[in-house]
Amino acid sequence: MTAPDLLKPALYRAEGSDTDPDHPALLGGACECGHVFFPPQTYGCERCGRMSLATRALSGAGKLLASARVHLHGGKTRAAPFTIVSVRLDDGPIVRTLLAGDDAVHPGDRMVTMLVPVTNAEGAELLDLRFVPQR
Amino acid sequence: MSKSLKELRPVYVVGIGLHRYQFLSDTTYVDLGLTAVRAALADANIEWPTVESAYVGRALLPMACGRPILRHLGATGIPIAHIENASASGSTAFRQACIEVASGTSDVSLALGVDKPMAIARAEGLTGIGNLADDAIAPFTHFALLADQYATQYGVRHEDIALVAVKNHRNGAKNPFAQHQKERTLDEILGGKKISGTFTSLQCTPVGEGAAAVIVASEDGIKRLGIAASRAVRVAASAGRSQKVNIDATRYDAVLTKETAEIAFRESGISPRALDIVELHDAFAVEEIEYVEAMGICGEGEAISRLKDGEFDIGGRCAVSPSGGLISMGHPIGPTGLGQIAEIARQLRGEAGSRQHAGARTGLAHMVGVGAVCYVHILQK
Ligand SMILES: [Zn+2]
């Protein structure tokens, strides 16, 4: 049996990065000027304006900066409550997305990525990226 | 060499007018806008045909809302330009009107902010650049995350951050133009509807509608039209900035606030600790804490203890959000930055009634907007 497809394959992959082979990598970008960013884009570097941007697989591990349990949500695609985490990746960029599960987390905790099953609008099962506390 | 506003000819606020900020109603945007402009004309004691240009700040109303309002004052044919700059739309309209008068292009210019709640798309969501879960991160969650970060960094309790809302609801209760006009206890605020993180509904700005108008004039205009110079309030500085690449990438509003306020302090020669009045973008309680520190009104990590000491109360060292701020007065978007200018002008004239901060001589207005952008103005009497 093959694994389900990824919900957002442009933003992450099942394999890890060189810097962290153990957890799904985020797919960011890097510029010759040294700027490393997420999400990926090819319009031009936000720091220097260069257009020669390379994709860069970023570590699926980092440190929790903050979390918020969301009690009110207007969108129809997901139901509150859920928890949003702000994580500084070991490779630099800060990313924000959902926490998998309901474990209490605290600023400073080590966090890692994982792929969790979600159902898209058409009812198909896919995998989406979440963070969990590192065990 | 480019010049700052202060180096051009002096600009004064000579007329202010508001339509009360309120929950969505049947009131048309035309009524909202006309109420504010007519009040501002009456306040300046001038007639509409003396106004030479108009800047209309709005972020939610559709294209070209200015003339459908202003034509009912008598269509004088003046240039009308619309300004969209997210939450800072009104502040930006004010800056453009000030620049126009300072440059000598006009002697009298109007800045009007007007909006009604309506669902609109944000351009950032249409860039084609992907995101992990931005649909799940509303502004209240963005700031709830920053509140968690602040509380951790400085070891403060989330209940202490909610004290901002206690003060601002107390101020707003005395403001006839405020959307919320009710004092609230800390228990009431903490016990309210949970929104995100530790924020409850009364720590978040309400969604609403309204209008605010400010008329600015040159010294020539003031003399020629017989405007009372004793009630005119000088615009001592105007600064606007947008976000750069920051190391602390999620705290861009505070970083921008520091950078923009520093420009305004330098331009005006007024130091942050000399301010009597500050109106800032307190859409969520933690913002007031972050921005008073970023502006240098108090040291980093000190805002909670200063707040508890009453330093930011009306009658304290520096009255912060005497209008009630965005939390209590409201944030109809287009009007908000102009409502701040109106409140500061009222305070500096000594006309703020029961919420008057005694002896107010200088005031600062601050807005941030998604983008992110930041605008700061300093007024002086
Ligand atoms: Zn670059």
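Residues numbered from 1 in each chain as written. Chains lettered and ligands numbered in written order. Predicted model: local features only at pLDDT ≥ 70, side-chain atom pairs only at ≥ 80, totals over all residues. Heavy atoms only, no water.

A. Broad picture of the overall build of chain B. A count of helical and extended segments in chain B gives 13 helices and twelve strands. A compact globule built from 381 residues should have a C-alpha radius of gyration of about 21 Å, and chain B, at 19 Å, falls within 12% of that. The proportion of buried residues among the 381 residues of chain B is 60%. By sequence separation, contacts in chain B at least 24 residues apart represent 78% of the contacts at least 6 residues apart. Accessible surface for chain B amounts to roughly 13900 Å². Of this, 51% is attributable to carbon and sulfur atoms. Put simply, chain B has 37 plus and 41 minus side-chain charges, and the middle of one group is 4 Å from the middle of the other. (Helix = DSSP H or I, 4+ residues; strand = E, 2+ residues; numbered from the N terminus. Rg over C-alpha atoms; globule rule 2.2 N^0.38 Å. Buried < 20%, exposed > 50% of the residue type's maximum accessible area, 1.4 Å probe, protein only. Contact = heavy atoms within 4.5 Å. Areas by Shrake-Rupley, 256 points an atom, 1.4 Å probe, with all protein chains shown as cover. Lys, Arg positive; Asp, Glu negative; His and termini not counted. Charge placed at Lys NZ, Arg CZ, Asp CG, Glu CD.)

B. View of the pattern of salt bridges. Going through the model one piece at a time under the given rule, you end up with 30 salt bridges over all chains. Two residues, A:Arg135 and A:Asp103, come together in a salt bridge whose shortest N-O distance is 3.9 Å. Here A:Arg135 is found in the segment after strand 8 (125-133), whereas its partner A:Asp103 is found in the loop between strand 6 (94-98) and strand 7 (110-119), with 32 residues between them in sequence. Overall, the relative accessible area of 83% leaves A:Arg135 in the exposed class. A salt bridge links B:Arg251 to B:Asp248; the nearest nitrogen and oxygen atoms lie 3.7 Å apart. Each of B:Arg9, B:Glu52, B:Asp107, B:Asp220 and B:Arg224 takes part in one network of salt bridges that share partners. (Salt bridge = Lys/Arg side-chain N within 4 Å of Asp/Glu carboxyl O.)

C. Looking closely at the packing of aromatic side chains. Residues and elements named next belong to chain B. With the rule as written, the count across this model stands at three aromatic pairs over all chains. Between Phe143 and Phe284 the ring centres are 5.3 Å apart and the planes differ by 25°, which places this aromatic pair in the stacked class. Placement of Phe143 in helix 4 (residues 139-154) and of Phe284 in the loop between strand 9 (277-279) and helix 10 (285-295) is noted, with a sequence separation of 141 residues between them. Overall, the relative accessible area of 8% leaves Phe284 in the buried class. An angle of 45° between the planes, with centres 4.7 Å apart, marks the rings of Tyr150 and Tyr154 as tilted. With a gap of four residues between them, Tyr150 and Tyr154 both fall in helix 4, about one helical turn apart. On the basis of relative accessibility, which here comes to 3%, the residue Tyr150 falls in the buried class. Chaining the aromatic ring pairs together yields one cluster made of Phe143, Phe199 and Phe284. (Phe/Tyr/Trp six-rings, centres within 6.5 Å; stacked < 30°, edge-to-face > 60°.)

D. Spatial organisation of the pairing of strand 7 (residues 209-217) of chain B. All names here are of chain B. Most of strand 7 sits out of view: nine of its nine residues are buried. Of the two faces of strand 7, the one lined by Glu209, Ala211, Ala213, Ile215 and Ala217 and the one lined by Gly210, Ala212, Val214 and Val216 are each fully buried. Where strand 1 (residues 12-22) and strand 7 come together, eight bridges link them in antiparallel fashion. Note that in strand 7 the partner of Gln22 across the bridge is Glu209. Across eight bridges, strand 4 (residues 108-115) lies against strand 7 in antiparallel orientation. By the bridge assignment, Asp115 is partnered in strand 7 with Gly210. (Pairing = 2+ DSSP bridges.)

E. Structural context of the interface of chain B and chain A. Counting from both sides, the interface comprises 29 residues of chain B and, opposite them, 34 residues of chain A. Buried area between chain B and chain A, summed over both chains or domains, comes out near 2600 Å², and the portion from carbon and sulfur atoms is 62%. When the buried area of chain B at its contact with chain A is split by residue, B:Leu132, B:Leu145 and B:Val245 rank highest and sum to 28% of it. Viewed at the interface, chain A and chain B are joined by one salt bridge. When the shortest N-O distance is used, the salt bridge between A:Arg78 and B:Asp135 registers 2.7 Å. For the side of chain B that touches chain A, the secondary structure elements donating two or more residues are helix 4 and strand 5 (194-196) of chain B. When residues in the side of chain B that touches chain A are grouped by element, the largest group, nine residues, is from helix 4 of chain B. (Buried area = accessible area lost by both parts, 1.4 Å probe.)

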